[in-house]
Amino acid sequence: MAGVFDRLVGQEDVEADLTAAAVAARTGVDSSAMTHSWLFTGPPGSGRSIAALCFAAALQCTTEGVPGCGQCQACSTTMAGTHGDVRRVVPEGLSISTKEMRDIVSIASRRPSTGLWQVVVVEDADRLTEGAGNVLLKVVEEPPARTVFLLCAPSVDPQDISVTLRSRCRHVSLVTPTVPAIAQVLQTRDKLDAETAEWAASISGGHVGRARRLATDEDARARRKRALALASAAARPNQAYLAAEELVKAAEDEAKEMSASRDEAETEELRTALGAGGTGKGAAGALRGSAGVLKDLEKRQKSRATRTGRDSLDRALMDLVGLYRDALARSYGSTATATHPDMAEQVERMAQAVSPEALLKSIEAILECRESLAVNAKPKFAIYAMVATLGDVLR
């Protein structure tokens, strides 16, 4: 019988540790195995958020035997996001605000209503503002008896999580899944043929979700192709900025496409709640007086779209930097696993035509562009500046 931890890919040690902790939480036999605050770290695609959610399900599991059965109502509702005592903090904008964290902490401080624990899963804890981090730190230092906080961040670097907050958490480190492990998942769960699964896994950078999208979504493949095309376009001024503009527009279009239906549904739901379509005397007045509420929703939706667009651009930049990394490795005769094994011919040409010093400067330019986007630089200007640098280096 499949358990919740079967959703993890290539994380056997993590599964064993979390299962032991869930057993300790249930039995109270080994108090050292369980704590009230956890920090899950790992590279993108390693499954840190999935691991945290699986652990939450195991803590709530009501089936006898090993916690995390995946079949009981507690496990099912936790994994579906509908359990009354499991709350997921997923930043839809560029950060997690102090107000949002205060509201979550207030609810989490209550006793569980239906489950065994109050569990708070904070995805992308690296997006906590300083104020939000301080609110969380206070409750983590003095946690309620039946509350568990599960934080997810890329690493334990102070830029991702504060040193003080990290010191109050037990650390769970996930690793990058191997290509064979990802390919196996795509074949067994997604019913993909072996060749497609192997190809997608090999170019996913160890990201299971990315591998699935590349294997099944033609638009995702087109976006990757467009990003990699910047490497050759950068050397030709008449093409470089057009390619850069197309890359930015593609990210914006992706954000709009992903947000459109959700935004419409949210807006309609809120308007209905505020009295839109009502026939009573106060209905029209209530809707007129709710302009501020609707404006706040529009602001959140805009912030969410901005983040989606930035994330899309960041994926494109990581694809591009991987191509230059492959060329640099090839120029030195390295046998390291390629980031883009299906681009071997282009990588060979780049390694032959461009010096290692120029390739390294190109990588630095792309990483500087990522940093600029992280501090809210205008995407078009940041990408243009990067393309200009790449062109100067390559010429």
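Residues numbered from 1 in each chain as written. Predicted model: local features only at pLDDT ≥ 70, side-chain atom pairs only at ≥ 80, totals over all residues. Heavy atoms only, no water.

**Q** Residue-level account of the overall build of the protein, with values.
**A** For the protein, the count of helices and strands is 16 helices and 5 strands. Of the roughly 20,300 Å² of accessible surface on the protein, 51% is carried by carbon and sulfur atoms. (Helix = DSSP H or I, 4+ residues; strand = E, 2+ residues; numbered from the N terminus. Areas by Shrake-Rupley, 256 points an atom, 1.4 Å probe, with all protein chains shown as cover.)

**Q** Give a detailed account of helix α7 (residues 179-190), specifying residues and quantitative values.
**A** Over its 12 residues, α7 extends 16 Å from the first C-alpha to the last, a length consistent with the 16 Å expected when each residue adds 1.5 Å. The set of residues buried in α7 consists of I182, A183, V185 and L186. All buried residues of α7 lie within an arc of 155° about the axis, which places them on one face of the element. Just downstream of α7, K191 is the residue with a positive phi angle, here 60°. (Expected span 1.5 Å × (residues − 1). Buried < 20%, exposed > 50% of the residue type's maximum accessible area, 1.4 Å probe, protein only. Arc of directions from axis to C-beta.)

**Q** Describe in detail the sheet that holds strand β2 (residues 86-89), supporting the description with residues and values.
**A** Hydrogen bonds between backbone groups are what pair the strands of a sheet, and the pairing can be parallel or antiparallel. With parallel pairing, the 5 strands of this open sheet are ordered in space as β2-β3-β4-β1-β5. A single partner strand is all that each edge strand has here, and the edge strands are β2 and β5 (170-173). If you compare each strand with its neighbour and ignore which way they point, the axes differ by 20° on average. Here strand β1 (residues 37-41) runs beside β5; their pairing, made up of 4 bridges, is parallel. Paired with L39 across the bridge in β5 is H171. (Pairing = 2+ DSSP bridges. Axes fitted to C-alpha atoms, helices over the stretch in contact; angles between N-to-C directions.)

**Q** Outline helix α4 (residues 98-108), listing residues and values.
**A** By the burial criterion, the buried members of α4 are M101, I104, V105 and A108. Within α4, the buried residues cover an arc of 100° as seen down the axis, which keeps them to one side. The outward face of α4, more than 90 degrees from its buried face, is lined by the exposed residues K99 and R102. As for α4, its buried residues are in contact with β2, β3 (118-122), α5 (130-141) and β4 (147-153). (Contact = heavy atoms within 4.5 Å.)

**Q** Tell me about the packing of helix α1 (residues 12-27) against helix α2 (residues 48-60), and please be specific about residues and values.
**A** In the contact formed by α1 and α2, the axes pass within 9 Å of each other and the chain directions differ by 30°. Relative to α2, α1 is oriented roughly parallel. In terms of crossing hand, the pair formed by α1 and α2 is right-handed. Mapping the contact onto sequence places L18, A21, A22 and A25 in α1 and A51, F55, A58 and L59 in α2. Class assignment of the residues belonging to the contact of α1 with α2 gives a composition of 8 nonpolar, no polar and no charged. (Parallel < 35°, antiparallel > 145°, perpendicular 65-115°, else oblique. Left-handed = near helix turned anticlockwise from the far one by under 90°. Nonpolar A, V, L, I, M, F, W, Y, C, P; charged D, E, K, R; others polar.)

**Q** Account for the environment of I161, with residues named and values stated.
**A** If you trace the backbone, I161 turns up in the loop between β4 and α6 (163-167). Given a relative accessible area of 4%, I161 falls into the buried group. Taking the C-alpha atoms as reference points, I161 and D126, 35 residues apart in sequence, are found 5.5 Å from one another.

**Q** Go over the confidence of the model for the protein, please, and point to the residues and values.
**A** Predicted confidence across the protein gives a mean pLDDT of 86, with 87% of residues reaching 70 or more. Helix α12 (residues 283-288) is the least confidently modelled element of the protein, averaging 51 in pLDDT, while β1 averages 96, the highest of any element. (pLDDT = per-residue confidence, 0-100.)

**Q** Can you break down the packing of aromatic side chains residue by residue, with the values?
**A** Taken as a whole and judged by the stated rule, the model has 2 aromatic pairs. On the numbers, 4.9 Å between centres and 70° between planes, the contact of W38 with F55 is edge-to-face. On the criterion of sequence distance, the pair formed by W38 in strand β1 and F55 in helix α2 is long-range, its members being 17 residues apart. For the residue pair W38 and F55, the accessibility class agrees, reading buried in each case. Between the aromatic rings of Y241 and Y384, the centroid separation amounts to 5.3 Å while the plane-to-plane angle is 85°, which identifies the pairing as edge-to-face. In this pair, Y241 is assigned in helix α11 (residues 237-273) and Y384 in helix α16 (residues 379-394), connecting sequence segments 143 residues apart. Relative accessible area serves as the criterion here: at 35%, Y241 is assigned to the partly exposed category. The ring of W117 carries the charged tip of R146 above its face, separated from the ring centre by 3.9 Å. For the cation-ring pair, R170 lies above W38, with the distance from its terminal atom to the ring centre recorded as 5.2 Å. (Phe/Tyr/Trp six-rings, centres within 6.5 Å; stacked < 30°, edge-to-face > 60°. Lys NZ or Arg CZ within 6 Å of the ring centre and 35° of its normal.)

**Q** If you had to explain the nonpolar core to someone new, which residues and values would you point to?
**A** Generally speaking, nonpolar side chains in soluble globular proteins are found buried as a group. In terms of nonpolar packing, the biggest core is built from 37 residues, with L320, Y324, I366, I383, M386 and L390 touching the most fellow members. Here this core takes 9 residues from helix α13 (residues 291-331), the largest share from any one element. Residue contacts for L390: discarding those within four places in its chain leaves A234, L320, Y324, S362, A365 and I366. Grouped together as the second largest cluster of nonpolar side chains are 36 residues, A21, A51, A58 and W117 included. (Core = buried A, V, L, I, M, F, W, Y, C linked by side-chain atoms within 4.5 Å.)

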